[in-house]
Every structure is written in structure tokens, then in C-alpha cells.
Amino acid sequence: MELAQAYGHVGDHAQAVVVAEAAMQAAEERGAAILEQWLAVLADLYYANEQWEKSLAVHDRLEREFPIDRSRRRELLPDSETLRALQAQSRALLRR
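Just so we're clear, the structure is a prediction, and the values are computed from it rather than from any experiment. (Residues numbered from 1 in each chain as written. Predicted model: local features only at pLDDT ≥ 70, side-chain atom pairs only at ≥ 80, totals over all residues. Heavy atoms only, no water.)

Chemist: Kindly report on the packing of helix H3 (residues 36–48) against helix H4 (residues 52–65), identifying the contributing residues and their values.
Modeler: H4 packs onto H3 with a crossing angle of 160 degrees between their chain directions and a minimal axis gap of 8 Å. Classified by the angle between their axes, H3 and H4 sit roughly antiparallel to one another. Here H3 runs over H4; the crossing is left-handed. On H4, the residues touching Glu36, Leu39, Ala40, Leu42, Ala43, Tyr46 and Tyr47 of H3 are Trp52, Lys54, Ser55, Val58, Arg61, Leu62 and Glu65. Here the contact of H3 with H4 is built from residues that sort into nine nonpolar, one polar and four charged. (Axes fitted to C-alpha atoms, helices over the stretch in contact; angles between N-to-C directions. Helix = DSSP H or I, 4+ residues; strand = E, 2+ residues; numbered from the N terminus. Parallel < 35°, antiparallel > 145°, perpendicular 65-115°, else oblique. Left-handed = near helix turned anticlockwise from the far one by under 90°. Contact = heavy atoms within 4.5 Å. Nonpolar A, V, L, I, M, F, W, Y, C, P; charged D, E, K, R; others polar.)

Chemist: Tell me about the pattern of salt bridges, residues and numbers included.
Modeler: Tallying each qualifying case throughout the model produces three salt bridges. Among the salt bridges present, the one from Arg61 reaches Glu28, with a minimum N-O distance of 3.3 Å. Taken together, the residues span a long stretch of sequence, with Arg61 in helix H4 and Glu28 in helix H2 (residues 13–30) at a distance of 33 residues. Relative accessible area serves as the criterion here: at 42%, Glu28 is assigned to the partly exposed category. Where Glu65 meets Arg61, a salt bridge forms, and the shortest distance between an N and an O atom there is 2.8 Å. Of this pair, Glu65 and Arg61 are both found in helix H4, four residues apart, which corresponds to roughly one turn of the helix. The exposure class of Glu65 is partly exposed, given its relative accessible area of 39%. Salt bridges sharing partners connect three or more residues here, namely Glu28, Arg61 and Glu65. (Salt bridge = Lys/Arg side-chain N within 4 Å of Asp/Glu carboxyl O. Buried < 20%, exposed > 50% of the residue type's maximum accessible area, 1.4 Å probe, protein only.)

Chemist: Any chance you could break down the environment of Glu21 for me, citing the residues and the numbers?
Modeler: When you line up the elements, Glu21 lands in helix H2. The exposure class of Glu21 is partly exposed, given its relative accessible area of 30%. For the pair Glu21 and Leu39, spaced 18 residues apart in sequence, the C-alpha to C-alpha distance is 10.0 Å. Residue contacts for Glu21: discarding those within four places in its chain leaves Leu42, Tyr46 and Lys54.

Chemist: Kindly report on the packing of aromatic side chains, identifying the contributing residues and their values.
Modeler: Enumeration over the complete set of coordinates arrives at one aromatic pair. On the numbers, 5.5 Å between centres and 65 degrees between planes, the contact of Tyr47 with Trp52 is edge-to-face. Owing to a relative accessible area of 10%, Trp52 belongs among the buried residues under this scheme. (Phe/Tyr/Trp six-rings, centres within 6.5 Å; stacked < 30°, edge-to-face > 60°.)

In C-alpha cells, the structure reads:
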């Protein structure tokens, strides 16, 4: 996951997503626990790539698997309402 973060820091969000998804898949195949931080990184990378639906899905998974105070979650990620609004905007643009 560190490599995905490194790609994200240099602005290569597309490659960061590829690496992050591969790291998560490998961890799940090994039966390893998926860490909250990994999900937060993946959601942030999807957000940076304007992949609203995927970001929202990971955000929802975070809320299910790692329930915390909502104000802390907002510090980590955009809230669900923001993601849903961005998703609606992107769908509207695609229909044009």
C-alpha cells in the first residue's frame, strides 16, 4: 500500500489505484485483515481519480467495518453526501 501512496503523492493517481487494488486483492486472497488505513487510502485515490461510485462504495465499507465518530470520518474522507453529489454531477456530464 505504501507504493500506492507514493504514486498518489507524485500525482499518478491512475497507477496508484492499480497498485492499491492489487495490494488489497493480494491481502484478501491471503486471508489477511484489511486495515482501515488501506480503505481510506483507496477511497481517497478513487476520489482523486473522480471515480465517485468506487469511492462511495469504499466509504460505505469503511463506515460498516470501522464504525467511528462521524466527525473523525469527515476528517479522513469526504462525506457520503458530497460523494453522491459528485457522482450525480459526473453522470449528468456523461449524458451530454
